Each structure stands twice: as structure tokens, then as C-alpha cells.
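Structural features, examined
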Amino acid sequence: MRVHWTNTAIEHLLAIYEYLSPHSPVYAQQIIDKLIRRSEQSAVFPLSGRMVPEYETQDIREVIEKPYRLIYRVKSEQVDVLAVVHTAQLLPNKL
């Protein structure tokens with residue numbers, strides 16, 4: 001399987017980097033790298049993430065890379081990363 005990052009998820013990554021980088025650009029890049037690596041693991045084991053409780057559908061799953069939730073949709077040929085949100089944030093009604 002391959003990983004496809006949606007525009008929304010890419011915007012989330014950029015926002016995370018922009019928020020963290022004024023304090024520590026190195027730390028900000030480390031967090032982004034960890035999230036990208038985590039998405040690649042989801043492509044290898046797509047059903048290993050738990051179902052997202054807010055959406056209650058089998059194909060939308062998440063893995064936690066503290067303090068973020070990486071939310072993705074499992075498709076037959078790829079994993080679509082839909083969002084990266086802080087664990088303290090509420091998810092939108094629809095992704």
C-alpha cells in the first residue's frame with residue numbers, strides 16, 4: 001500500500017511546524033518526521049489503527065503519535081491521511 005496525504009493533512013503538518021518552529025526548528029522537524037514515519041507504518045499495517053470513535057466507520061482509523069492523532073482512511077490500494085490533530089482538539093463533524 002502507498003500513503004497519500006490529503007491537502008488538509010498537509011496543511012495540518014505545516015501548521016504544526018509553523019507553531020513549533022519559532023521555539024525550536026529542530027524539534028518541529030523531528031515531530032513532522034515522526035508523523036510521516038507513523039503514516040508509513042499505517043500503510044504497512046492499515047488495520048492496526050483503532051476505529052475513530054467520533055466517526056464509527058471501519059475504514060477511518062487513527063494512530064496516536066503523542067500528542068497528535070493521525071487520522072487516515074483505508075482504501076484497497078492506499079491509505080489516505082485525512083488529518084493530523086492535537087489530542088486536545090475536537091474533530092470536525094466530517095473529514
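For the structure given in this document, a descriptive report is provided here. Computed from a predicted structure; not experimentally measured. Starting afresh in each chain, residues are numbered from 1 along the sequence in its written order. With pLDDT at 70 or above as the cut-off, local features in this predicted model cover only qualifying residues; side-chain atom pairs require 80 or more to be listed or tallied, and sums for whole chains, interfaces and linings still use all residues. In computing side-chain properties, one takes all heavy atoms of the structure into account and sets aside hydrogens as well as water.

A few points about the packing of helix α1 (residues 7–20) against helix α2 (residues 25–44)
Helix axes are fitted only over the stretch in contact, all axes being lines through C-alpha atoms; the angle between N-to-C directions runs from 0 to 180 degrees. Helix and strand definitions follow DSSP, with helices as H or I runs of at least four residues and strands as E runs of at least two, each counted in order from the N terminus. Two numbers describe how α1 lies on α2: the axes approach to 8 Å, and their chain directions differ by 155 degrees. By the criterion of interaxial angle, the relationship of α1 to α2 is roughly antiparallel. Handedness of the α1/α2 crossing: right-handed. Each of Leu13, Ile16, Tyr17 and Leu20 in α1 lies in contact with α2, whose residues at this interface are Pro25, Tyr27, Ala28, Gln29, Ile31, Ile32, Leu35 and Ile36. Per-class residue counts for the contact of α1 with α2 are 11 nonpolar, 1 polar and no charged. For classification purposes, angles smaller than 35 degrees are called roughly parallel, those larger than 145 roughly antiparallel, those between 65 and 115 roughly perpendicular, and all remaining angles oblique. In this scheme, a crossing is called left-handed if the near helix is turned counterclockwise away from the far one by less than a right angle; it is called right-handed if the turn is clockwise. In what follows, a contact means two residues having at least one pair of non-hydrogen atoms within 4.5 Å. Amino acid classes used here: Ala, Val, Leu, Ile, Met, Phe, Trp, Tyr, Cys and Pro are nonpolar; Asp, Glu, Lys and Arg are charged; the rest, including Gly, are polar.

Here we look at α1
End to end, α1 covers 20 Å across 14 residues, agreeing with the expected 20 Å (1.5 Å per residue, within 8%). Among the residues making up α1, those that are buried are Ala9, Leu13, Ile16 and Leu20. The arc that holds the buried residues of α1, viewed along the axis, is 60 degrees, so those residues lie on one side. Opposite the buried face of α1, at more than 90 degrees from it, the exposed residues are Asn7, Glu11, Glu18 and Tyr19. Here the buried face of α1 lies against β1 (2–5), α2, β4 (68–74) and β5 (78–86). Multiply 1.5 Å by the residue count of a helix minus one, and that product is the helix's expected span. To sort residues, take the accessible area from a 1.4 Å probe on protein chains only and compare it with the maximum for the residue type: under 20% means buried, over 50% means exposed, and anything in between is partly exposed. Think of it as the arc spanned by the lines of direction from the helix axis to the C-beta atoms.

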